[in-house]
Amino acid sequence: MTTLATPNGFTLDNSGKRLVIDPVTRIEGHMRCEVNIDSSNVIRNAVSTGTMWRGLEVILKGRDPRDAWAFVQRICGVCTGTHALTSVRAVENALKIDIPENANSIRNIMQLSLQVHDHLVHFYHLHALDWVNPVNALKADPKATSELQQRVAPNHPNSSPGYFRDVQTRLRKFVESGQLGPFKNGYWTNPAYKLPPEADLMAVTHYLEALDFQKEIMRVRTIFGGKDIHPNWLVGGVPCAINIDGDMAAGAPINMASLDYVISITQRCIEFVENVYIPDVIAIGGFYKSWLYGGGLSSKSLLAYGDIPDKANDYSPANLLMPHGAIINGKLDEIHPVDLTDPSQVQEFVPHSWYKYEDESKGLHPWDGVTEPHYELGKNAKGTSTRIEELDEAAKYSWIKAPRWRGHAMEVGPLARYIIGYQQGRQDIKEQVDGLLKALDVPMEAMFSTLGRTAARALEAQWAANKQKYFLDKLIANIKAGDTATANTAKFDPSTWPSEVKGVGFSEAPRGALAHWIRIKDGRIDNYQCVVPSTWNGSPRDNQGNIGAFEASLLNTKVERAEEPVEILRTLHSFDPCLACSTHVMGPDGQELAEVKVR
Amino acid sequence: MATETFYDVMRRQGITRRSFTKFCSLTAAALGLPPAYAAEIQNAMETKPRIPVLWMHGLECTCCSESFIRSGHPLAKDVILSMISLDYDDTLMAAAGHQAEAIVQETIQKYDGNFILAVEGNPPLNQEGMSCIIGGRPFLEQLKEAADHCKAIISWGSCASWGCVQAARPNPTQATPVHKVPGLADKPIIKVPGCPPIAEVMTAVIAYILTFERFPELDLQGRPKMFYSQRIHDKCYRRPHFDAGQFVEHFDDEGARKGYCLYKVGCKGPTTYNACSTVRWNGGLSFPIQAGHPCIGCSEDGFWDKGSFYNRLVDVNGFGIEANADKIGVTAAGAVGIATAAHAAASAVRRARQKAGDEPAKAHDFEGQN
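Keep in mind that what you see is a predicted model, and the values were worked out from it rather than measured. (Residues numbered from 1 in each chain as written. Chains lettered and ligands numbered in written order. Predicted model: local features only at pLDDT ≥ 70, side-chain atom pairs only at ≥ 80, totals over all residues.)

1. Considering the overall build of chain A
At step 1: Scanning chain A from terminus to terminus reveals 16 helices and 16 strands.
At step 2: By the compact-globule yardstick of 25 Å for 599 residues, chain A fits well, its C-alpha radius of gyration being 24 Å.
At step 3: Buried residues in chain A amount to 63% of all 599 residues.
At step 4: Sequence-distant contacts in chain A: of pairs separated by 6 or more residues, those separated by 24 or more amount to 73%. (Helix = DSSP H or I, 4+ residues; strand = E, 2+ residues; numbered from the N terminus. Rg over C-alpha atoms; globule rule 2.2 N^0.38 Å. Buried ≥ 20, exposed ≤ 12 C-beta atoms within 10 Å, placed from the backbone. Contact = placed C-beta atoms within 7 Å.)

As structure tokens, then:
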């Protein structure tokens, strides 16, 4: 190919200079990206590759379905818990188990605290260095930085000139030590960085503050789940029994002291997000609002399953506090319902993935999914099978499958949720989005961009922190009304189960729509399939040649310096890629997997 | 540019010269060295740069890194800015692609034999190693090259230590723990297992190495004895209920609300060596049993393949009387005293037996062989 038009409306041209970024850093897992740039340094072709594969689903075959949450939780330690939640929902859906109201509230609190934590850590520790230059912060005037801080977030207590001077001194000594640690070999002279030194210093200071604060957020999950990372879950409810004022309440998982702890942390989360995270996104965004690259699929094809059931056991869209629906072909005012049990809706394709189907012109619904690893490079690839120089995207080129909704490549994640919710007229989302657009003085179209994705994530963190409080209040009210149940164990014993059942569980992970499909036979897992957010966003091409969200978002971006991929990192990071999630997929049949032909 | 030394760092953190000197004397004493060595330590600390660390990621889920950043004492911020020089960590580093890989080469050249290789995850051997690709090559190659030149290896978490979830049966990628990687250079390896390890355990291992300039004493399996020499059960706050025969029979039953022992709903605390019931998680806040779920044994080798997490332990070697917990439960009220005594005796015998067969491993210093 030189020029190729994709069915989903993009033009690809691979005639220009090829750039390779491997590894893409500051993501979860392993990823490679190749692009072609034209003579004006504009990206005209993009190739995104998942570079790891673990095969968790085949490992699950034959296991106890009640254990599945622990296995799939290890799909990802960054969005820890969201896979576990999705798994217990899939098992409960298959076995028709209802959970108590308190369990629903506690699960929601855990899921919402993950949203807050994950979004915050993503912004400051994985994404900020794409916008913020720590070396430039050394030139800042601490007094002016203090004034900036007080202007953008008057309620944040850490704002004195002395405070910023101390941070700057520490940073200076760090830089002068010559051992730059994580900042080493960054692109600090690249003109793509636009912040004045004071904004850089403020942001670097918050990088450190957020690193300190994030460890507090997840303590909510330590109380309900016993540890974080990878807290504990339970089919039928939650494992943490409640005993507020009875005998031996002090030794119970949930008592007045632990509830008080959660109340305190929840309040601090709201304050940190509202006094630090949101103002920083607006302040930084203000300096980059002319950099509106990276829209990709966000104005065309978006997908959300919905999450956060208000009442327990009702997963219908009306009861879900996070938006549900699909937008296709750029028709933003038409929201389609999504049915995860319909075999014609979600399907996975593999003609460009390192797997093999009998008929690769067709996609497979996850309940009937097949995965046979098949690592091989295309004939136009450069290098060798164990020393890849350039991939051939006309052939197989990624460990990620290509999931499609009714044949469409879809973007998932905070931006997808926020655009769908906005179009549905959800009042909470509309108020947030309109407020942000007003603060930045940009039109709605600005949301369809890299920055829009980053801003939607911040708004969602704010939303989640406040909803965490909502469910905490709800939990306390329910306990006050006399209901302390946390688990339904009527069907915990596998001998009570039908011999063959299937189910699906879904959630909105921090990175987007997530679903697990399970088949249970004679008390054991017969088939387990996960289709995860970064599989949607990071998917390679499909049988029709549609490109996925990562690839679409990179097109037509101008890079300042071809050898320094800061713009590419910026846009890829705006999706918060999670590659361990996207590349764990495995087949249902327990095929022989050790034999893999490499040609 | 000047290179910052350990002493510079301590001064920067407000530690006085006098305290620093005292610290060096205490360190010498702790190492069993004559007082004269204090000056030597002081000299080393004043002139040595922060130790470079290459933190590499294989097949994993990043839970170890996520745990690490939750450390309260010391703060992850202080570890990264002041204790080590985290020159390569693809989860946190600013650079990507060529600029990232160049750092590995630079560190190997500049600090040959003097950097720590921290490994999170493990390499797969199937698919020619290409089910984990870094820079277009198998992670296996990156790992082996770094290991050739490092001073010592820290195997973070159960992936690097044992293989963990991707190595559970049938291990489709042949994911292999670090110490079993074919052709890996013979370097001291310290295993810090757990899925993930406790944050403060991770940072304490680093702090110990920097403070005492040697590896902590390891057990036969290569784990620091200071955190892994006791079973969760040994120091569990619910242990008295075990001894008294008071058990949770079902989740959310009366026993669950009173904090009774979780043995009957599958707790693996009696066979799991870790510090969860002592150090606890997230700044000492809680641990799985305290939050009502049985321990799943995530720091033990092959814990994924030992049956359901909700099946109670039976016929476990060295487990003795605990296997009879059913009976104890039935006759709880009257038999408490007897059960406790019998249990204590059995445990004592078991401990003695283990002691006889389980010679403590020699403490490692950096020059030692693993």
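Picking up after the structure, the text goes on.
2. Brief notes about the overall build of chain B
At step 1: When you go through chain B residue by residue, the secondary structure sums to 14 helices and seven strands.
At step 2: Burial statistics for chain B: of 370 residues in total, 53% are counted as buried.
At step 3: For chain B, long-range pairs separated by at least 24 residues make up 73% of all intrachain contacts whose partners lie at least 6 apart in sequence.

3. Quick look at the UniProt feature "binding site: Fe cation" (unreviewed entry) in chain A
All names here are of chain A.
At step 1: Feature annotation in UniProt places "binding site: Fe cation" (unreviewed entry) on Cys-79 and Cys-581, given in this structure's numbering. What stands out for the annotated residues spanning 503 residues is how close their C-alpha atoms remain, the widest pair being 8.9 Å apart.
At step 2: A count of 31 C-beta atoms within 10 Å places Cys-79 in the buried class.
At step 3: Setting aside residues up to four positions removed in sequence, Cys-79 forms contacts with Leu-114, Asp-118, Ala-509, Pro-510, Arg-511, Cys-578 and Cys-581.
At step 4: Looking at where Cys-581 falls in the secondary structure, it is placed in helix H16 (residues 579-582).
At step 5: Setting aside chain neighbours within four positions, we find Cys-581 in contact with Ile-75, Cys-76, Cys-79, Val-532, Pro-533 and Ser-534. (UniProt positions renumbered as here; feature names shortened; annotations may be inferred.)

4. Concerning the pairing of strand S16 (residues 524-531) of chain A
At step 1: Among the eight residues that make up S16(A), six are buried, leaving the element largely enclosed by the rest of the structure.
At step 2: In textbook terms, the turn of a hairpin is the stretch between consecutive antiparallel strands, and for strand S15 (residues 512-521) of chain A and S16(A) this stretch comprises two residues, one of which, A:Asp522, has a positive phi near 50°. (Pairing = 2+ DSSP bridges.)

5. Description of the domain arrangement of chain B
All names here are of chain B.
At step 1: Structurally, chain B comprises domain 1 (50-228) and domain 2 (232-357).
At step 2: Each partner contributes residues to the interface: domain 1 has 15 residues there, and domain 2 has 14 residues.
At step 3: When residues of the side of domain 1 that touches domain 2 are traced back to their parent elements, those giving at least two are helix H9 (199-212) and helix H10 (225-228).
At step 4: Among the residues making up the side of domain 1 that touches domain 2, the classes are represented as nine nonpolar, three polar and three charged. (Domains from an automatic or database assignment. Nonpolar A, V, L, I, M, F, W, Y, C, P; charged D, E, K, R; others polar.)

6. Topic: the UniProt feature "binding site: [3Fe-4S] cluster" (unreviewed entry) in chain B
Residues and elements named next belong to chain B.
At step 1: UniProt's feature table lists "binding site: [3Fe-4S] cluster" (unreviewed entry) at Cys-276, Cys-295 and Cys-298, given in the numbering used throughout. Considering the C-alpha atoms alone, the annotated residues occupy 23 residues of sequence yet fold into one spot, their largest mutual distance being 10.7 Å.
At step 2: Considering the arrangement of structural elements, one finds Cys-276 in the loop between helix H12 (254-258) and helix H13 (325-330).
At step 3: When residues no more than four places from it in sequence are discounted, the contact partners of Cys-276 are Ile-198, Ile-232, Trp-281, Phe-287 and Pro-288.
At step 4: Positionally, Cys-298 belongs in the loop between H12 and H13.
At step 5: Overall, the presence of 27 C-beta atoms within 10 Å leaves Cys-298 in the buried class.
At step 6: Contacts of Cys-298, omitting those with residues within four sequence positions, involve Ser-158, Gly-194, Cys-195 and Phe-303.

7. A few points about the confidence of the model for chain B
Residue and element names in this part refer to chain B.
At step 1: Counting all residues, the mean pLDDT for chain B is 83, and 72% of those residues have values of 70 or more.
At step 2: Low pLDDT, under 50, characterises residues 315-370; the stretch is placed with 58 contacts to residues that sit more than four places away or in other chains.
At step 3: Scoring of the predicted complex yields 0.90 for pTM and 0.94 for ipTM. (pLDDT = per-residue confidence, 0-100.)

8. Structural notes on the sheet that holds strand S7 (residues 189-192) of chain B
Residues and elements named next belong to chain B.
At step 1: Across the sheet, five strands lie side by side as S2-S1-S3-S6-S7; this open sheet has parallel pairing. Two strands bound the open sheet, and with one partner strand each, they are strand S2 (84-89) and S7. Averaged over all pairs of adjacent strands, the angle between strand axes in this sheet comes to 20°, irrespective of strand direction.
At step 2: As paired strands, strand S6 (residues 152-156) and S7 are joined by four bridges and run parallel to one another. Its bridge partner being in S7, Trp-156 is matched across the sheet by Val-192.
At step 3: Its contacts with the sheet place helix H6 (residues 97-110) against strand S1 (51-57) and S2, and it is angled at close to 135° to S2. (Axes fitted to C-alpha atoms, helices over the stretch in contact; angles between N-to-C directions.)

9. Topic: the UniProt feature "binding site: Mg(2+)" (unreviewed entry) in chain A
At step 1: With numbering aligned to this structure, UniProt lists the feature "binding site: Mg(2+)" (unreviewed entry) at A:Glu57 and A:His584.
At step 2: With respect to the helices and strands, the residue A:Glu57 is situated in helix H1 (residues 56-60).

10. Quick word on the nonpolar core
At step 1: Counting 285 residues, the largest nonpolar core has A:Tyr277, A:Leu303, B:Leu117 and B:Val119 as the members making the most contacts within it.
At step 2: Each of domain 1 (50-228) and domain 2 (232-357) of chain B contributes no fewer than three residues to this core.
At step 3: Once residues within four sequence positions are removed from consideration, A:Tyr277 is found in contact with A:Leu120, A:Phe123, A:Phe272, A:Ala458 and A:Ala461. (Core = buried A, V, L, I, M, F, W, Y, C linked by C-beta atoms within 7 Å.)

11. Quick notes on the packing of helix H5 (residues 142-152) of chain A against helix H7 (residues 197-217) of chain A
Working note: a packed helix pair is described by the angle between its axes plus the distance between those axes.
Residue and element names in this part refer to chain A.
At step 1: Relative orientation of the contacting elements H5 and H7 amounts to 70°, with a least axis distance of 9 Å. Classed by the angle they form, the pair H5 and H7 counts as roughly perpendicular. You can see that H5 and H7 cross each other, and the crossing is right-handed. On H7, the residues that touch Ala-144, Thr-145, Leu-148 and Gln-149 of H5 are Glu-198, Ala-199, Leu-201 and Met-202.
At step 2: Here the residues of the contact of H5 with H7 are counted per class, giving five nonpolar, two polar and one charged. (Parallel < 35°, antiparallel > 145°, perpendicular 65-115°, else oblique. Left-handed = near helix turned anticlockwise from the far one by under 90°.)

12. Looking at the interface of chain B and chain A
At step 1: The interface is formed by 83 residues belonging to chain B together with 95 residues belonging to chain A.
At step 2: Among the elements of the structure, helix H4 (63-68), helix H5 (76-83), S2, H6, strand S4 (133-134), strand S5 (137-138) and H12 of chain B are those that each provide at least two residues to the side of chain B that touches chain A.
At step 3: Taken together, the residues that form the side of chain B that touches chain A break down as 43 nonpolar, 24 polar and 16 charged.

13. Observations concerning helix H3 (residues 82-95) of chain A
At step 1: End to end, H3(A) covers 20 Å across 14 residues, agreeing with the expected 20 Å (1.5 Å per residue, within 8%).
At step 2: Most of H3(A) is tucked away, with 14 of its 14 residues classed as buried. (Expected span 1.5 Å × (residues − 1).)

14. A closer look at the sheet that holds strand S4 (residues 31-37) of chain A
Residue and element names in this part refer to chain A.
At step 1: Taken in spatial order, the three strands line up as S3-S4-S5 in an open sheet, and their pairing is antiparallel. In this open sheet, the two edge strands, each paired with only one partner strand, are strand S3 (17-21) and strand S5 (43-50). Along the sheet, successive strands turn relative to each other by an average axial angle of 15°, direction set aside.
At step 2: With seven bridges connecting them, S4 and S5 associate as antiparallel partners.

15. Topic: the confidence of the model for chain A
At step 1: On average, residues of chain A score 95 in pLDDT, and 97% of them reach the 70 mark or higher.
At step 2: Predicted confidence is poor over residues 586-599 of chain A, with pLDDT under 50, and the contacts of this stretch with residues over four places away or in other chains come to 34 contacts.

16. What about unusual backbone geometry?
At step 1: The step from A:Asp22 to A:Pro23 runs through a cis peptide bond, and the omega angle for that step is 5°.
At step 2: Take A:Pro23: it is sitting in the loop between S3 and S4.
At step 3: Cis rather than trans, the peptide bond between B:His73 and B:Pro74 has omega equal to -5°.
At step 4: With respect to the helices and strands, B:Pro74 occurs in the loop between H4 and H5.
At step 5: Not every positive phi belongs to a glycine, and A:Arg406 is a case in point at roughly 50°.
At step 6: Along the polypeptide, A:Arg406 turns up in the loop between strand S13 (402-405) and helix H10 (414-423).

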